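Residue-level structural notes
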Amino acid sequence: MAAAMMAAFCSFAVADSITGTVTNKTTNKPSAGDDVVLIRLQQGMQEATRTKTDAKGRFTLDVPANEGQAVHLVRVTHDKANYFRPAPPGTQSVEVDVYNAAAKVKGVSSEADVLRLQTDESGKSLHVVENFFVKNESSPPLTQFSDRPFEFYLPEGAVVEGSAALSPGGMPVQASPVPLGEPNHYAFIFPIRPGETRFQITYKLPYSGSLKFSPRVMMPTDTIAVMMPKSMTFKPGPSAPYTPVTEETTAQTYVARGVAPSQTLDFTVSGSGQMPRDTGAAATAGEGGAEAGASAQPGAGGAASPAASDTRPGGGLGTPLDPEGTNDPWAKYKWWILGGLGWCWRWVRV
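Residues numbered from 1 in each chain as written. Predicted model: local features only at pLDDT ≥ 70, side-chain atom pairs only at ≥ 80, totals over all residues. Heavy atoms only, no water.

The subject of this paragraph is the pattern of salt bridges. Tallied over the entire structure, the rule returns 8 salt bridges. The partner of Arg50 in a salt bridge is Glu47, and the shortest N-O contact between them spans 2.9 Å. Of the residues examined, Arg50 reaches a relative accessible area of 44% and is grouped as partly exposed. With relative accessibility at 44%, the residue Glu47 sits in the partly exposed group. The salt bridge involving Asp222 is made with Lys135; its shortest N-O contact spans 3.4 Å. You can see Asp222 sitting in strand β20 (residues 221–228) and its partner Lys135 sitting in strand β11 (residues 125–136), a full 87 residues away along the chain. The exposure class of Asp222 is partly exposed, given its relative accessible area of 35%. (Salt bridge = Lys/Arg side-chain N within 4 Å of Asp/Glu carboxyl O. Buried < 20%, exposed > 50% of the residue type's maximum accessible area, 1.4 Å probe, protein only. Helix = DSSP H or I, 4+ residues; strand = E, 2+ residues; numbered from the N terminus.)

Here you go:
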């Protein structure tokens, strides 16, 4: 009788399951012994159940009966790096690719560092949305991960308001910058997987009508770009290699290409103004897909914070005219930034 009651209870408590396979793309073999966790995305991120992959990289996660209609994430941990796959209601199986990890990986480089500047309405505070595009072309493919996989500098006096990361083909997640020993020096503790990883950080600076920037890059960077309202003025430093992008109609943009870590990149901005919103693109961005609505910021009751809503980095803008930057290297990035639009998703904390 006790066994029958237990079986009945279990059949009541567990309504469904999610199966899957984890493949190590570094070795092209099943990934055995990896931790697999089912995370419930309601009022934050809560662990629902966990298991490990077997010798063939397979796993089964039981979904509690009262969570059948909840949105979940499947998280796989391999070599201390986390890999996510969304599991919306009705998901029965997922496939997850992982990679071996190393602290420094040959083939990791900086594609672009894009800054979007505007003042608040009072003109006394300067708001910056900075986007980093990092590519990993390692062969065999490896993930770069350590206690400082991606380092960067912020201007003196910067107050961080929000930050996020997007892995290749993965879920966008909230990723907080970690201060390092040197002033204004930070790191994102986020794995740099093969492909393109994007980081965004939003911060504000005290402003009295004019401000000098002295950007520092940690590795050779293909493109440095500064976007700002047309009502503001951009003045490059004496040896800074910025050139204007003349085809922009809603903003002014200045670009430096082929930048080395030791290169001088000073510039000064003055005046005030706000970037115009591209409402047509915003409507398109609202069609972000299943992953877009799959996650919520912890403690926000399933809604994005106002700061997140205002500072999302581009995405869902439809098909760009030159998505790979074949005709113009800047074209590959500007479509993700124009109009201050964001990846259409709510924040997830890793």
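Attention shifts here to the packing of aromatic side chains. Per the counting criterion, the structure on display carries 14 aromatic pairs. When the centroid spacing of 5.9 Å and the interplanar angle of 20° are considered together, the rings of Phe152 and Tyr186 count as stacked. Here Phe152, found in strand β13 (residues 150–153), pairs with Tyr186, found in strand β17 (residues 185–188); they are 34 residues apart in sequence, far enough to count as distant. In this pair, the class of Phe152 matches that of Tyr186, namely buried. Counting every residue linked through ring pairs, the aromatic cluster contains Phe132, Phe150, Phe152, Tyr186, Phe188, Phe190 and Phe199. The ring of Tyr83 has Arg193 sitting right over it, with the charged end atom 4.6 Å from the ring centre. The positively charged end of Arg193 is found above the aromatic ring belonging to Phe190, 5.3 Å away from the centroid. (Phe/Tyr/Trp six-rings, centres within 6.5 Å; stacked < 30°, edge-to-face > 60°. Lys NZ or Arg CZ within 6 Å of the ring centre and 35° of its normal.)

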